[in-house]
Amino acid sequence: MTPRQGRGELRAQPQQTGSRQTAVPEGRGELREQPPPAGSRHTTVPDTIRRITTAEPTSGHLHVARLEGTRTVPLRELHARSGHLARHLREHHGIGPGDRIGILAANSLEWVLLDLAALRLGAQTAGLEPGKFTPSPELLDDYALHLLCTDQRADGVPDTLPMDGLWDLAAPGDGPDTPLPPVTWGSEDVTTLKFTSGSTGIPKGLGATAGSIDSSLKAVQEIFHHTPDDHLFVFLPLSLLQQRYWVYSALLHGHDVTVTTYEAAFATLRRVRPTVVMGVPAFYESARRQIEARLRRPAGRTPAQVARTLFGDRIRYLWTGSAPASPAVLRFFNDTAGLPLYEGYGLNETCIVTKNHPGAHREGSVGRAVRGKEVLIGEDGVISVRSTHPVNNHYAYARPGDSEKVFSPDGTVRTGDLGHLDEDGFLFVHGRADDVIVLDNGKKVLVRPIEDLMRADPAIAECVLFSPTQTELVAVVSPAGRPADHQAIAARLAAVNAATTADERISRVVVADPPFSIEGGLLTSQYKPKRPDIRAAYHAPLHTQEAGIHA
């Protein structure tokens, strides 16, 4: 097959060249190695990728949980079948090193199998999230896909393969296996094309290097020490690279891993009995509301007992990131429910940067820099991240100029987030630089602390602040239930306004109907509000003085 050329609204971006230097601020962290000068390359072979692709696991299972039941496969069998599928893809579809396979499907056993087969071939994957993409000839052209594997109808789309037949294609044959050609992943080789969440616009495509994956997996293992006794629980889309980290971790360290979906997560948690849950703040917000609702029943149980009923009785810790977690939720799990909830910080462009963990945890922070990362704070308060092994130094697909706004040639990333480091190196994130509202009196209002105060009420799932006239703050609130509890929302509005300065007070609240959702286009797949889309959807009430709940 001949490589396809990229086209479409997001253009394929050339790799940065030349000696342009972008000044980065001074900072600190736990960077163990210095990044190379611009233009040089790491030539080391990532050890974790080598072990994932060549070493047969000695323990552990992959569980794929659905509402109707759970399918379990030993990791040893998963490894063997990934080799059989890799041979099929090579012999029947011509897939080899550097070719790109698109995966457009919901979480499944076949998703995991295909990802591992691609790694064993030296081929790239493109994680295409259902709802953002649909099968079409243009999709293959836009992202230079040699093959598209999907669980959706793809009538008339060339070079496609249905997901539901992959397990059978990976069955061992009657004769001896033909050895796969040896594949060596270099640190700067791209293993997968991942996409930004789209919370600030159209998702951008980013090639993730093998070195960045290797570095992140080692950093996580260093601070959390996963063992064969662990069982990790994953429910976010596997198109998000970090969710695949936990499958890779299972292959490396011999522990169990469950892959499910958000819709099935709560129904399967107690049945699975994991030791670690990988979630986003919205998931834990929902869990807190469920626990508090059960506590109102006359059963005489403690919060810790109810939490263990929901999450199972083996929890060692809970992981959260991808979006800011509210202080109220963090305190609830850490102090009230007795389940350690550790918040971290990272972007698609950086992988994991900082993480609270059992050995170093500070309330209100997102932790210290992990091995291989350095946090830099500019004079304007904006966070930049320097990595020993950068994810990349440019977007693969983006609008012209997008890469230069974010990446310096050595891969240092200007995040666009505001924050500070305390005297012990813990990072505190204050919000997005572009989420600062400037009023007509010149006052700059940082919206995240105010939104956090609003979200602390159980009646409010999300809160997004705007200033349509630059003279007042107006909140769009997504209610936690239907019908919305307008009385509780009004009471929370009054309490927040009493705790803030005059310029930070909210004049009125527009209650979203229906509540924000992924299907409605107002939340990303990581359950982060999409501010531009929310502003557009509620343009009329935002600009109508009479609309909403008034302070």
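**Some details on helix H6 (residues 210-224)**
Okay, so step 1: Helix length check: H6 (15 residues) gives 21 Å between terminal C-alpha atoms against 21 Å at 1.5 Å per residue, within 8%.
Okay, so step 2: Most of H6 is tucked away: 13 of the 15 residues are buried.
Okay, so step 3: One or two steps after H6, the chain reaches His 225, where phi turns positive at roughly 50 degrees.

**So, unusual backbone geometry**
Okay, so step 1: Pro 483 follows Arg 482 through a cis peptide bond whose omega is 0 degrees.
Okay, so step 2: Inspection of the secondary structure assignment puts Pro 483 in the loop between strand E26 (473-479) and helix H14 (486-498).
Okay, so step 3: In this chain, Asp 513 is followed by Pro 514 through a cis amide linkage whose omega measures 5 degrees.
Okay, so step 4: Mapping Pro 514 onto the fold places it in the loop between strand E27 (506-511) and helix H15 (531-537).
Okay, so step 5: With a phi close to 60 degrees, Cys 351 is a non-glycine residue in the positive phi region.
Okay, so step 6: By secondary structure assignment, the location of Cys 351 is in strand E16 (residues 351-355).
Okay, so step 7: Positive phi values are uncommon outside glycine, yet Gln 470 reaches one of about 65 degrees.
Okay, so step 8: The class of Gln 470 is partly exposed, set by a relative accessible area of 34%.

**Remarks on the sheet that holds strand E17 (residues 368-369)**
Okay, so step 1: If you walk across this open sheet you meet the nine strands as E4-E3-E12-E11-E13-E14-E15-E16-E17, and the pairing is mixed. The open sheet has two free edges, formed respectively by strand E4 (69-74) and E17, since each of these has just one partner strand.
Okay, so step 2: In the packing of helix H11 (residues 327-336) onto the sheet, contacts are made with strand E14 (317-320) and strand E15 (341-347), and the angle to E15 comes to roughly 140 degrees.

**A word on the sheet that holds strand E25 (residues 460-466)**
Okay, so step 1: Spatially, four strands are ordered E25-E26-E27-E28 in an open sheet, and the strand pairing comes out mixed. Two strands close off the open sheet at either side, each with one partner strand: E25 and strand E28 (549-550).
Okay, so step 2: Against the sheet, H14 contacts E25, E26, E27 and E28, and its axis sits at roughly 155 degrees relative to E27.

**Focus on empty space enclosed by the protein**
Okay, so step 1: Counted under the stated rule, the structure contains three cavities of 30 Å³ or more.
Okay, so step 2: Within this model, the largest cavity holds a volume of roughly 60 Å³.
Okay, so step 3: Leu 236, Gln 242, Gln 243, Met 278, Gly 279, Val 280, Trp 319, Thr 320, Gly 321 and Ser 322 together form the lining of the largest cavity.
Okay, so step 4: If you list the elements that add at least two residues to the lining of the largest cavity, you get helix H7 (241-253), strand E13 (276-279) and E14.

**With respect to the pattern of salt bridges**
Any two side chains of opposite charge can pair, on the condition that their charged atoms come close.
Okay, so step 1: Applying the stated rule across the entire model yields 25 salt bridges.
Okay, so step 2: Asp 422 is the salt-bridge partner of Arg 362, the closest N and O atoms lying 2.8 Å from each other. Within this pair, whereas Arg 362 is found in the loop between E16 and E17, its partner Asp 422 is found in the loop between strand E21 (413-421) and strand E22 (427-432), the two being separated by 60 residues in sequence.
Okay, so step 3: With relative accessibility at 27%, the residue Arg 362 sits in the partly exposed group.
Okay, so step 4: Three or more residues joined by partner-sharing salt bridges are found here, namely Arg 448, Asp 452, Arg 455 and Glu 462.

**Some details on the pairing of E27**
Okay, so step 1: Burial of E27 is extensive: five of the six residues sit out of reach of the surface.
Okay, so step 2: The sheet contact formed by E26 and E27 spans five bridges and is parallel. Residue pairing across strands places Ala 475 opposite Val 509, the latter belonging to E27.

**Comments concerning the nonpolar core**
Okay, so step 1: Core analysis: the largest hydrophobic core is formed by 70 residues, its most contacted members being Leu 62, Leu 78, Leu 89, Leu 114, Tyr 245 and Trp 246.
Okay, so step 2: If you tally residues by element for this core, the top one is helix H3 (residues 109-121), at 10 residues.
Okay, so step 3: Those residues within four positions of Trp 246 in sequence are excluded, and the remaining contacts are Val 220, Leu 232, Val 234, His 255, Val 257, Met 278 and Trp 319.

**Let's talk about the confidence of the model for the chain**
Okay, so step 1: On average, residues of the chain score 88 in pLDDT, and 90% of them reach the 70 mark or higher.
Okay, so step 2: Below pLDDT 50 for its whole length, residues 1-9 participates in 21 contacts with residues either more than four positions away or in separate chains.
Okay, so step 3: In the predicted structure, residues 14-43 sits below a pLDDT of 50 and forms 65 contacts with residues beyond four places in sequence or in another chain.

**Here's the deal with the packing of aromatic side chains**
Okay, so step 1: Under the criterion given, the structure shown has 23 aromatic pairs.
Okay, so step 2: Between the aromatic rings of Tyr 143 and Tyr 397, the centroid separation amounts to 4.9 Å while the plane-to-plane angle is 70 degrees, which identifies the pairing as edge-to-face. Pair noted here: Tyr 143 is in the loop between helix H4 (137-142) and strand E7 (147-150) and Tyr 397 is in strand E20 (residues 397-398), with a separation of 254 residues, a long-range link.
Okay, so step 3: Judged by its relative accessible area of 5%, Tyr 397 falls in the buried class.
Okay, so step 4: Relative to Trp 319, the ring of Phe 224 has its centre 5.6 Å away and its plane inclined at 50 degrees; by these criteria the two rings are tilted. You can see Phe 224 sitting in helix H6 and its partner Trp 319 sitting in strand E14, a full 95 residues away along the chain. Residues Phe 224 and Trp 319 agree in their burial class; the two are buried.
Okay, so step 5: Three or more aromatic residues link up through ring pairs in this structure, and these residues are Phe 233, Phe 235, Tyr 262, Phe 266, Phe 283, Tyr 284, Phe 311, Phe 332, Phe 333 and Tyr 527.
Okay, so step 6: Here Arg 71 stacks its cationic end above the ring of Trp 167, 5.1 Å away from the centre of that ring.

Cut-offs applied
- Residues numbered from 1 in each chain as written.
- Predicted model: local features only at pLDDT ≥ 70, side-chain atom pairs only at ≥ 80, totals over all residues.
- Heavy atoms only, no water.
- Helix = DSSP H or I, 4+ residues; strand = E, 2+ residues; numbered from the N terminus.
- Expected span 1.5 Å × (residues − 1).
- Buried < 20%, exposed > 50% of the residue type's maximum accessible area, 1.4 Å probe, protein only.
- Pairing = 2+ DSSP bridges.
- Contact = heavy atoms within 4.5 Å.
- Axes fitted to C-alpha atoms, helices over the stretch in contact; angles between N-to-C directions.
- 1 Å grid on protein atoms, 1.4 Å probe; cavity = no way out; pocket = protein on both sides within 12 Å on 5 of 7 lines; lining within 4 Å.
- Points joined across faces, edges and corners; volume = space filled by probe spheres on them.
- Salt bridge = Lys/Arg side-chain N within 4 Å of Asp/Glu carboxyl O.
- Core = buried A, V, L, I, M, F, W, Y, C linked by side-chain atoms within 4.5 Å.
- pLDDT = per-residue confidence, 0-100.
- Phe/Tyr/Trp six-rings, centres within 6.5 Å; stacked < 30°, edge-to-face > 60°.
- Lys NZ or Arg CZ within 6 Å of the ring centre and 35° of its normal.

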